Amino acid sequence: MTTELTSIEPASGDIFWHGEPGDTNIILEQSRAAFSSWAAEPLARRIELLQRFANQVRADSDGLARLIARETGKPLWEAETEVQAVIGKVDISLAAQAERAGNRTSEGAMGAKSALRHKPHGVMAVLGPYNFPAHLPNGHIVPALLAGNTVVFKPSEKTPAVGERLVSYFHAAGFPENVVQLLLGGPEEGRALTADPRIDGVLFTGSSQTGVAIRKALAERPGVITALEMGGNNPLIVWDTPLLQDAAATIVQSAFTTAGQRCTAARRLIVRDTMYDGVMEALTKLVDRIIVGGPFDQPAPFMGPVIDNAAADVVLRGFGGIVSRGGQVIRPLERVTEGLPFLTPGIVDVTEMEGRRDEELFGPLLQVIRVSNFKAALTEANNTSYGLSASLLGGTPELYGRFWREIRAGIVNWNRPTNGASSNAPFGGVGLSGNHRPGAYYAVDYCNYPVASAELDQPRAMIGVGLST
């Protein structure tokens, strides 16, 4: 098991947080013991506590934003938007719970009643990522608590300080400590948590490799609900638009926001060959203006570093491999400062490259493919085992209708970036991107399960056939 946890500030390389891993056995024992009484709490009480939680976050929004910026390296402006998403998740979850998991009754014959109600699953393990260390796990935790589940939250070992702060807001709001618990640790603690028989659900956001491993580990336990939100090798098609500056801005937003560390980031840009020169000219001019810097720099950067040097090395090796196999460099992916994980946005044309790999390089790297017709564009877009997000820039409503029908993705956009999905909509993908359990507004669906009941206040029955006289 993990012996010590250390969090390093990506922008400086300084250590700013130490911690000890949690005891999985004790935490699960407490969470299991707390479930029955927490599930029995009136819904109004759970709503009240969640509203208090939102107020706790709101009161410390500046402090939380600065902590997120320090621990992830993302620009302060972006960390501030993440904090607002954490706050907004409460009202969104209340609306979703009422719409998708409310109680319904109808009257039948002889005074009978048919009822539909929803129950919580039990103890839910929430495994969070490092790119949105507050918003994404919170997107599981809030609806899980609202439904009456207890929660064990294991943050990424790369962002434990934000996870610790997030749980402190729940406790300050009045949630019992054994209802929302923090499990600090690394991959070993994560595996122990998801494999434990006391777990009733696993809500995971992270890499496809880890998500597949979770699915395999739970293959013989169909009673454990799993919601897997994983990566993407997301396509963005540019087709017949005169608005090249707008297209370039949308491409940059899709590919390079959060230094490319979004599961919905555009990894592949598919361009009609007749538009290629114009699109590349507009795109490279804009990319050359991107400021890469620390979270608190002035002027504010568009991109910060990736999470750590190990992550930077993975993306750099991936870029080198693409170039060695025939990729044509349009803008090089380079380390800005020796010893720190700042990377410049990279663009490489892979049209003529053989053996393109279907992989998610989690950083600011965009691969470009030229095509001559829309059928070829769709073929390229669907040439992946992932299926999270896809966008079409340009084209007619009829062309977008074809794109929407034929593209294999859980999020399909027109003239909008591949990323930046609304929390008021479902969020999730297919294939290696998810297991058909979208989160965001639809998270309520995997935090409750429906129970149908036929009810009478007294037993009334008769058997009219098949009995001897």
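Look a little higher up for the structure.
## Some points on the overall build of the protein
Summing up its helical and strand segments, the protein has 14 helices and 19 strands in all. Over its C-alpha atoms the protein spans a radius of gyration of 24 Å, differing by no more than 12% from the 23 Å that the globule rule assigns to 469 residues. Counting only C-alpha atoms and orienting by the principal axes, one finds that the protein spans roughly 90 × 55 × 40 Å. Relative to its full complement of 469 residues, the protein shows a buried share of 54%. Contacts in the protein between residues far apart in sequence, at least 24 positions, make up 72% of those at least 6 positions apart. Of the roughly 20,300 Å² that the protein leaves accessible, carbon and sulfur atoms contribute 51%. Put simply, the protein has 42 plus and 49 minus side-chain charges, and the middle of one group is 6 Å from the middle of the other.

## Observations concerning the pattern of salt bridges
Scanning the entire structure with this criterion turns up 24 salt bridges. In this structure, Arg335 engages Asp313 in a salt bridge whose closest nitrogen and oxygen atoms are separated by 2.5 Å. Within this pair, whereas Arg335 is found in the loop between β12 (328-331) and β13 (346-349), its partner Asp313 is found in helix α11 (residues 309-324), the two being separated by 22 residues in sequence. Given the relative accessible area of 30%, Asp313 is considered partly exposed. Of the charged contacts, one joins Glu352 and Arg370 as a salt bridge, the two residues approaching to 3.9 Å between their closest N and O atoms. Of this pair, Glu352 sits in the loop between β13 and β14 (365-371) while Arg370 sits in strand β14, and the two are 18 residues apart along the sequence.

## Considerations on unusual backbone geometry
Cis peptide bonds are those with omega within 30 degrees of zero, and the linkage from Gln298 to Pro299 qualifies with 0 degrees. As for its position among the elements, Pro299 is in the loop between α10 (276-287) and α11. At Ala259, a position not held by glycine, the phi torsion is positive, near 55 degrees. By the secondary structure assignment, Ala259 is in the loop between α9 (244-256) and β11 (266-272). With a phi close to 60 degrees, His436 is a non-glycine residue in the positive phi region. The topology assignment puts His436 in the loop between β17 (426-427) and β18 (439-440).

## Section: the packing of helix α4 (residues 76-100) against helix α5 (residues 135-147)
At their nearest, the axes of α4 and α5 sit 9 Å apart, and the two run at 30 degrees to each other. The orientation of α4 with respect to α5, classified from their angle, is roughly parallel. Here the hand of the crossing between α4 and α5 comes out right-handed. Between α4, through Glu82, Ala85, Val86, Lys89, Val90, Ser93, Leu94 and Gln97, and α5, the contact on the second element is made entirely by His135, Asn138, Gly139, Val142, Pro143, Leu146 and Ala147. The class makeup of the residues in the contact of α4 with α5 is eight nonpolar, five polar and two charged.

## What about the pairing of β11?
Most of β11 is tucked away: six of the seven residues are buried. Read as a crossover between parallel neighbours, the route from strand β10 (residues 234-239) over α9 to β11 is right-handed. Summarising the sheet, β11 and β14 pair through five bridges and their orientation is parallel. Opposite Ile270, over in β14, you have Ile369 as the bridge partner.

## Observations regarding the side chain of Thr72
Within the secondary structure, Thr72 is located in helix α3 (residues 61-72). In this structure the side chain of Thr72 is engaged in a polar contact, spanning 2.7 Å, whose partner is the backbone oxygen of Ile68. Discounting residues that sit within four places of it in the chain, Thr72 has contacts with Pro10, Tyr130, Pro133, Thr159, Pro305 and Ile307.

## Comments concerning the sheet that holds strand β9 (residues 225-229)
Pairing within the open sheet is parallel, and its five strands lie in the order β7-β6-β5-β8-β9. Where the open sheet ends on each side, the last strands, each with one partner, are β7 (180-182) and β9. Ignoring strand direction, the axes of neighbouring strands in this sheet form an average angle of 15 degrees. One ladder, built from three bridges, connects strand β6 (residues 150-154) with β7; its direction is parallel. Across the sheet, Phe153 pairs through a bridge with Leu182, a residue of β7. Strand contacts of helix α1 (residues 24-39): β5 (123-127), β6 and β7, with the helix running at about 150 degrees to β6, the strand carrying the most contacts.

## A closer look at the environment of Gly13
Of note, Gly13 is situated in the loop between β1 (5-8) and β2 (15-19). Separated by 327 residues in sequence, Gly13 and Leu340 place their C-alpha atoms 6.6 Å apart. When sequence neighbours within four positions are dropped, the list of residues in contact with Gly13 reads Ile8 and Leu340.

## A few points about the packing of aromatic side chains
Two numbers describe a pair of aromatic rings. These are the distance of the centres and the angle of the planes. Summed over all chains, the structure comprises eight aromatic pairs. Ring geometry for Trp38 versus Phe175: centroids 5.5 Å apart, planes at 50 degrees, classification tilted. Here Trp38, found in helix α1, pairs with Phe175, found in the loop between α6 (160-172) and β7; they are 137 residues apart in sequence, far enough to count as distant. Accessibility classification places Trp38 together with Phe175 in one group, the buried group. With a centroid separation of 5.0 Å and an interplanar angle of 10 degrees, the aromatic rings of Tyr400 and Trp414 are classed as stacked. In this pair, Tyr400 is assigned in helix α13 (residues 397-406) and Trp414 in strand β16 (residues 411-414), connecting sequence segments 14 residues apart. Each residue in the set Trp38, Phe53, Phe170 and Phe175 is aromatic and connected to the rest through ring pairs, giving one cluster.

Reading guide: rules and limits
- Residues numbered from 1 in each chain as written.
- Predicted model: local features only at pLDDT ≥ 70, side-chain atom pairs only at ≥ 80, totals over all residues.
- Heavy atoms only, no water.
- Helix = DSSP H or I, 4+ residues; strand = E, 2+ residues; numbered from the N terminus.
- Rg over C-alpha atoms; globule rule 2.2 N^0.38 Å.
- Buried < 20%, exposed > 50% of the residue type's maximum accessible area, 1.4 Å probe, protein only.
- Contact = heavy atoms within 4.5 Å.
- Areas by Shrake-Rupley, 256 points an atom, 1.4 Å probe, with all protein chains shown as cover.
- Lys, Arg positive; Asp, Glu negative; His and termini not counted.
- Charge placed at Lys NZ, Arg CZ, Asp CG, Glu CD.
- Salt bridge = Lys/Arg side-chain N within 4 Å of Asp/Glu carboxyl O.
- Axes fitted to C-alpha atoms, helices over the stretch in contact; angles between N-to-C directions.
- Parallel < 35°, antiparallel > 145°, perpendicular 65-115°, else oblique.
- Left-handed = near helix turned anticlockwise from the far one by under 90°.
- Nonpolar A, V, L, I, M, F, W, Y, C, P; charged D, E, K, R; others polar.
- Right-handed = clockwise from strand over helix to strand, strands pointing away.
- Pairing = 2+ DSSP bridges.
- Polar contact = N/O pair within 3.5 Å; in protein donor to acceptor, adjacent residues only side chain to side chain.
- Phe/Tyr/Trp six-rings, centres within 6.5 Å; stacked < 30°, edge-to-face > 60°.

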